[in-house]
Amino acid sequence: MSLVLVAHGTRKPGGVAMIGDLAARVSDMLGRPVHVSFVDVVGPTPSEVLASLPTDCPAVVVPAFLAAGYHVRVDVPTHVAASEHPAVTVTQPLGPCPGTVRVLADRLIESGWRPGDSVILAAAGTSDRSAQSDLRRTAALLSAVTGDRVELAFAATGAPSVAEAVAAQRGRSHRRVAVASYLLADGLFQDRLRESGADLVSEPLGTHPGMVRLIANRFRRAGVLSLPAAA
(Lines give C-alpha, C1' and ligand atoms only; values in the text may rest on other atoms or scores of the structure.)
Protein backbone atom coordinates (compact mmCIF):
# COMPACT_ATOMS: atom_id res chain seq x y z
CA MET A 1 0.00 0.00 0.00
CA SER A 2 1.40 3.40 -1.03
CA LEU A 3 0.57 6.43 1.12
CA VAL A 4 0.43 9.97 -0.32
CA LEU A 5 -0.14 13.22 1.57
CA VAL A 6 -1.36 16.12 -0.61
CA ALA A 7 -0.89 19.71 0.59
CA HIS A 8 -1.35 23.12 -1.01
CA GLY A 9 2.24 24.34 -1.28
CA THR A 10 3.98 27.59 -0.34
CA ARG A 11 7.01 29.57 -1.49
CA LYS A 12 8.21 29.69 2.11
CA PRO A 13 10.85 26.99 2.62
CA GLY A 14 9.80 26.67 6.26
CA GLY A 15 6.24 25.85 5.26
CA VAL A 16 7.36 23.18 2.79
CA ALA A 17 9.70 21.74 5.44
CA MET A 18 6.81 21.64 7.93
CA ILE A 19 4.73 19.49 5.56
CA GLY A 20 7.72 17.19 5.09
CA ASP A 21 8.17 16.94 8.86
CA LEU A 22 4.46 16.20 9.31
CA ALA A 23 4.64 13.40 6.72
CA ALA A 24 7.77 12.00 8.40
CA ARG A 25 6.00 11.84 11.77
CA VAL A 26 3.00 10.08 10.23
CA SER A 27 5.42 7.70 8.53
CA ASP A 28 7.06 6.92 11.87
CA MET A 29 3.66 6.26 13.44
CA LEU A 30 2.53 3.92 10.65
CA GLY A 31 5.86 2.25 9.99
CA ARG A 32 5.94 2.91 6.24
CA PRO A 33 6.80 5.78 3.89
CA VAL A 34 4.42 8.69 3.33
CA HIS A 35 5.01 10.49 0.03
CA VAL A 36 4.47 14.27 -0.08
CA SER A 37 2.93 16.19 -2.99
CA PHE A 38 1.52 19.67 -3.60
CA VAL A 39 -1.33 20.97 -5.78
CA ASP A 40 0.10 24.47 -6.19
CA VAL A 41 3.24 26.67 -6.03
CA VAL A 42 5.79 23.86 -5.62
CA GLY A 43 6.18 20.22 -6.66
CA PRO A 44 6.02 17.36 -6.97
CA THR A 45 2.36 17.23 -7.92
CA PRO A 46 0.04 14.41 -6.82
CA SER A 47 -0.10 13.11 -10.40
CA GLU A 48 3.69 12.97 -10.58
CA VAL A 49 3.96 11.13 -7.28
CA LEU A 50 1.18 8.66 -8.09
CA ALA A 51 2.63 7.98 -11.54
CA SER A 52 5.95 7.08 -9.92
CA LEU A 53 4.41 4.50 -7.58
CA PRO A 54 3.97 0.78 -8.33
CA THR A 55 0.73 0.15 -10.19
CA ASP A 56 0.32 -3.31 -8.68
CA CYS A 57 0.00 -1.73 -5.23
CA PRO A 58 -3.09 0.31 -4.18
CA ALA A 59 -2.50 3.91 -3.13
CA VAL A 60 -4.24 6.02 -0.48
CA VAL A 61 -4.29 9.82 -0.82
CA VAL A 62 -5.01 12.06 2.17
CA PRO A 63 -5.84 15.67 1.18
CA ALA A 64 -4.17 17.84 3.84
CA PHE A 65 -6.83 20.55 3.56
CA LEU A 66 -9.03 21.91 6.32
CA ALA A 67 -12.22 22.21 4.26
CA ALA A 68 -13.65 20.53 1.19
CA GLY A 69 -13.02 23.34 -1.30
CA TYR A 70 -11.86 23.48 -4.92
CA HIS A 71 -8.52 21.77 -4.30
CA VAL A 72 -10.26 18.80 -2.69
CA ARG A 73 -13.23 18.56 -5.05
CA VAL A 74 -11.43 19.34 -8.33
CA ASP A 75 -7.63 19.46 -8.15
CA VAL A 76 -7.04 16.20 -6.30
CA PRO A 77 -9.39 14.07 -8.47
CA THR A 78 -7.90 15.66 -11.61
CA HIS A 79 -4.38 14.72 -10.50
CA VAL A 80 -5.50 11.19 -9.63
CA ALA A 81 -7.02 10.75 -13.10
CA ALA A 82 -3.96 12.23 -14.81
CA SER A 83 -1.64 9.82 -13.00
CA GLU A 84 -3.45 6.82 -14.56
CA HIS A 85 -2.75 4.86 -11.39
CA PRO A 86 -5.29 2.01 -11.41
CA ALA A 87 -6.15 1.85 -7.69
CA VAL A 88 -6.31 5.09 -5.72
CA THR A 89 -8.49 5.81 -2.68
CA VAL A 90 -8.90 9.46 -1.69
CA THR A 91 -9.92 10.09 1.93
CA GLN A 92 -11.87 12.96 3.43
CA PRO A 93 -9.85 16.16 4.07
CA LEU A 94 -8.60 16.98 7.56
CA GLY A 95 -11.48 19.24 8.44
CA PRO A 96 -13.94 20.01 9.67
CA CYS A 97 -13.73 17.51 12.51
CA PRO A 98 -13.38 17.47 16.30
CA GLY A 99 -9.72 16.46 15.95
CA THR A 100 -8.70 19.69 14.20
CA VAL A 101 -10.73 21.72 16.70
CA ARG A 102 -8.86 20.14 19.62
CA VAL A 103 -5.59 21.12 17.96
CA LEU A 104 -6.93 24.65 17.38
CA ALA A 105 -7.74 24.91 21.08
CA ASP A 106 -4.30 23.64 22.08
CA ARG A 107 -2.60 26.15 19.79
CA LEU A 108 -4.72 28.95 21.25
CA ILE A 109 -3.72 28.01 24.79
CA GLU A 110 -0.06 27.86 23.74
CA SER A 111 -0.37 31.42 22.38
CA GLY A 112 -1.57 32.73 25.74
CA TRP A 113 -5.34 32.74 25.18
CA ARG A 114 -7.48 33.06 28.30
CA PRO A 115 -11.24 32.66 28.75
CA GLY A 116 -12.81 36.03 28.08
CA ASP A 117 -10.58 36.89 25.12
CA SER A 118 -12.31 37.55 21.81
CA VAL A 119 -11.45 34.79 19.34
CA ILE A 120 -11.31 35.03 15.54
CA LEU A 121 -10.96 31.84 13.51
CA ALA A 122 -8.62 32.78 10.65
CA ALA A 123 -8.87 30.63 7.52
CA ALA A 124 -7.08 31.03 4.20
CA GLY A 125 -10.32 31.87 2.46
CA THR A 126 -12.44 30.35 -0.28
CA SER A 127 -15.23 31.21 -2.72
CA ASP A 128 -16.45 27.60 -2.60
CA ARG A 129 -19.81 27.33 -0.79
CA SER A 130 -19.11 23.85 0.47
CA ALA A 131 -15.82 24.96 2.00
CA GLN A 132 -17.46 28.06 3.49
CA SER A 133 -19.98 25.81 5.20
CA ASP A 134 -17.13 23.66 6.56
CA LEU A 135 -15.40 26.74 7.96
CA ARG A 136 -18.57 27.98 9.66
CA ARG A 137 -18.97 24.55 11.22
CA THR A 138 -15.40 24.70 12.53
CA ALA A 139 -16.03 28.14 14.04
CA ALA A 140 -19.14 26.77 15.77
CA LEU A 141 -17.20 23.78 17.12
CA LEU A 142 -14.45 26.06 18.44
CA SER A 143 -17.10 28.30 20.04
CA ALA A 144 -18.32 25.30 22.00
CA VAL A 145 -14.77 24.68 23.27
CA THR A 146 -13.97 28.29 24.22
CA GLY A 147 -17.42 28.98 25.68
CA ASP A 148 -17.80 32.18 23.65
CA ARG A 149 -18.70 33.24 20.13
CA VAL A 150 -15.91 32.71 17.57
CA GLU A 151 -15.89 35.00 14.55
CA LEU A 152 -14.77 33.71 11.13
CA ALA A 153 -12.36 35.79 9.02
CA PHE A 154 -10.06 35.23 6.07
CA ALA A 155 -6.42 35.78 5.18
CA ALA A 156 -7.13 35.91 1.44
CA THR A 157 -10.44 35.26 -0.36
CA GLY A 158 -13.55 36.26 1.56
CA ALA A 159 -14.82 38.91 3.94
CA PRO A 160 -14.12 40.09 6.50
CA SER A 161 -10.35 39.99 6.31
CA VAL A 162 -8.58 39.05 9.52
CA ALA A 163 -7.38 42.64 9.99
CA GLU A 164 -10.95 43.93 9.51
CA ALA A 165 -12.31 41.42 12.01
CA VAL A 166 -9.66 42.38 14.57
CA ALA A 167 -10.48 46.08 14.15
CA ALA A 168 -14.20 45.37 14.50
CA GLN A 169 -13.64 43.42 17.71
CA ARG A 170 -11.62 46.28 19.16
CA GLY A 171 -14.42 48.67 18.27
CA ARG A 172 -16.95 46.58 20.18
CA SER A 173 -15.05 45.85 23.40
CA HIS A 174 -11.83 46.27 25.34
CA ARG A 175 -11.18 42.54 25.47
CA ARG A 176 -7.95 41.09 24.11
CA VAL A 177 -8.28 39.73 20.59
CA ALA A 178 -6.87 36.28 19.82
CA VAL A 179 -6.56 34.97 16.27
CA ALA A 180 -6.79 31.19 15.97
CA SER A 181 -4.78 30.19 12.92
CA TYR A 182 -6.71 27.63 10.90
CA LEU A 183 -3.77 27.03 8.58
CA LEU A 184 -1.78 23.85 8.23
CA ALA A 185 1.67 25.35 7.62
CA ASP A 186 3.58 28.61 7.90
CA GLY A 187 3.61 30.89 4.87
CA LEU A 188 2.25 34.11 3.41
CA PHE A 189 -1.18 33.70 4.99
CA GLN A 190 0.27 33.11 8.48
CA ASP A 191 2.33 36.28 8.00
CA ARG A 192 -0.92 38.17 7.34
CA LEU A 193 -2.36 36.87 10.60
CA ARG A 194 0.69 38.08 12.50
CA GLU A 195 0.28 41.51 10.90
CA SER A 196 -3.47 41.75 11.67
CA GLY A 197 -3.08 43.79 14.86
CA ALA A 198 -4.36 41.04 17.17
CA ASP A 199 -3.01 40.68 20.70
CA LEU A 200 -2.37 36.98 20.18
CA VAL A 201 -1.93 34.82 17.08
CA SER A 202 -1.68 31.06 17.42
CA GLU A 203 0.75 29.00 15.37
CA PRO A 204 -0.43 26.88 12.41
CA LEU A 205 -1.75 23.41 13.20
CA GLY A 206 1.45 21.99 11.70
CA THR A 207 3.11 19.05 13.39
CA HIS A 208 0.96 19.03 16.51
CA PRO A 209 0.61 15.41 17.70
CA GLY A 210 -3.14 15.64 17.14
CA MET A 211 -2.60 16.35 13.46
CA VAL A 212 -0.17 13.44 13.16
CA ARG A 213 -2.75 11.10 14.70
CA LEU A 214 -5.54 12.50 12.53
CA ILE A 215 -3.63 11.94 9.28
CA ALA A 216 -2.46 8.49 10.37
CA ASN A 217 -6.05 7.53 11.11
CA ARG A 218 -7.21 8.83 7.73
CA PHE A 219 -4.78 6.42 6.09
CA ARG A 220 -5.88 3.55 8.32
CA ARG A 221 -9.60 4.10 7.85
CA ALA A 222 -9.20 3.99 4.09
CA GLY A 223 -9.12 0.24 4.49
CA VAL A 224 -5.45 -0.21 5.27
CA LEU A 225 -6.19 -2.41 8.24
CA SER A 226 -2.67 -3.82 8.39
CA LEU A 227 -1.24 -0.43 9.41
CA PRO A 228 -0.46 -0.04 13.12
CA ALA A 229 -3.04 1.88 15.10
CA ALA A 230 -2.28 5.52 15.86
CA ALA A 231 -1.98 5.80 19.62
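The structure displayed is predicted, hence computed values, not measured ones.

Cut-offs applied
- Residues numbered from 1 in each chain as written.
- Predicted model: local features only at pLDDT ≥ 70, side-chain atom pairs only at ≥ 80, totals over all residues.
- Heavy atoms only, no water.
- Domains from an automatic or database assignment.
- Contact = heavy atoms within 4.5 Å.
- Buried area = accessible area lost by both parts, 1.4 Å probe.
- Salt bridge = Lys/Arg side-chain N within 4 Å of Asp/Glu carboxyl O.
- Polar contact = N/O pair within 3.5 Å; in protein donor to acceptor, adjacent residues only side chain to side chain.
- Helix = DSSP H or I, 4+ residues; strand = E, 2+ residues; numbered from the N terminus.
- Pairing = 2+ DSSP bridges.
- Axes fitted to C-alpha atoms, helices over the stretch in contact; angles between N-to-C directions.
- 1 Å grid on protein atoms, 1.4 Å probe; cavity = no way out; pocket = protein on both sides within 12 Å on 5 of 7 lines; lining within 4 Å.
- Points joined across faces, edges and corners; volume = space filled by probe spheres on them.
- Nonpolar A, V, L, I, M, F, W, Y, C, P; charged D, E, K, R; others polar.

1. Digging into the domain arrangement of the protein
Taken domain by domain, the protein consists of domain 1 (2-94 + 208-226) and domain 2 (98-201). The distance between the C-alpha centroids of domain 1 and domain 2 comes to 25 Å. On the domain 2 side, the residues contacting the 18 residues of domain 1 number 18 residues. Both sides together, the interface formed by domain 1 and domain 2 hides about 1,500 Å², and carbon and sulfur atoms give 66% of it. Taken as a group, Lys12, Leu66 and His208 account for 41% of the area that domain 1 buries against domain 2, more than any other trio of residues on that side. The interface formed by domain 1 and domain 2 contains two salt bridges. Salt-bridge contacts for Lys12 lead to Asp191; the nearest nitrogen and oxygen are separated by 3.2 Å. Connecting domain 1 to domain 2 are six residue pairs in polar contact (both at pLDDT 80 or more). Those elements that provide at least two residues to the side of domain 1 that touches domain 2 are helix 1 (13-30), helix 3 (70-83) and helix 8 (209-221). Counting residues per element, the side of domain 1 that touches domain 2 draws most heavily on helix 1, which supplies four residues.

2. Considerations on the sheet that holds strand 6 (residues 150-154)
Across the sheet, four strands lie side by side as 6-5-7-8; this open sheet has parallel pairing. A strand with exactly one partner marks an edge of an open sheet, and here the two such strands are strand 6 and strand 8 (200-201). Bridging between strand 5 (residues 118-123) and strand 7 (residues 177-181) involves five bridges; their strand directions are parallel. Each residue of the ladder has a partner; that of Ser118, found in strand 7, is Val177. Here helix 4 (residues 98-111) sits on the sheet and contacts strand 5, strand 7 and strand 8; the angle it forms with strand 7, its principal contact strand, is near 135°.

3. Re the layout of surface pockets
Roughly 960 Å³ of volume is contained in the largest pocket. Along the walls of the largest pocket sit 37 residues, with His8, Phe65, His71, Ala124 and Phe189 positioned nearest its centre. Broken down by class, the residue content of the lining of the largest pocket amounts to 21 nonpolar, 12 polar and four charged. Taken domain by domain, the lining of the largest pocket gets at least three of its residues from each of domain 1 (2-94 + 208-226) and domain 2 (98-201). For the second largest pocket, the calculated volume is near 190 Å³. Taken together, Cys97, Gly99, Arg102, Val103, Asp106, His208, Gly210, Arg213, Leu214, Asn217, Arg218 and Arg221 form the lining of the second largest pocket. Of the residues forming the lining of the second largest pocket, the biggest block, six residues, is contributed by helix 8. Across the lining of the second largest pocket, the residue classes tally to three nonpolar, four polar and five charged. The two domains that each donate at least three residues to the lining of the second largest pocket are domain 1 (2-94 + 208-226) and domain 2 (98-201).

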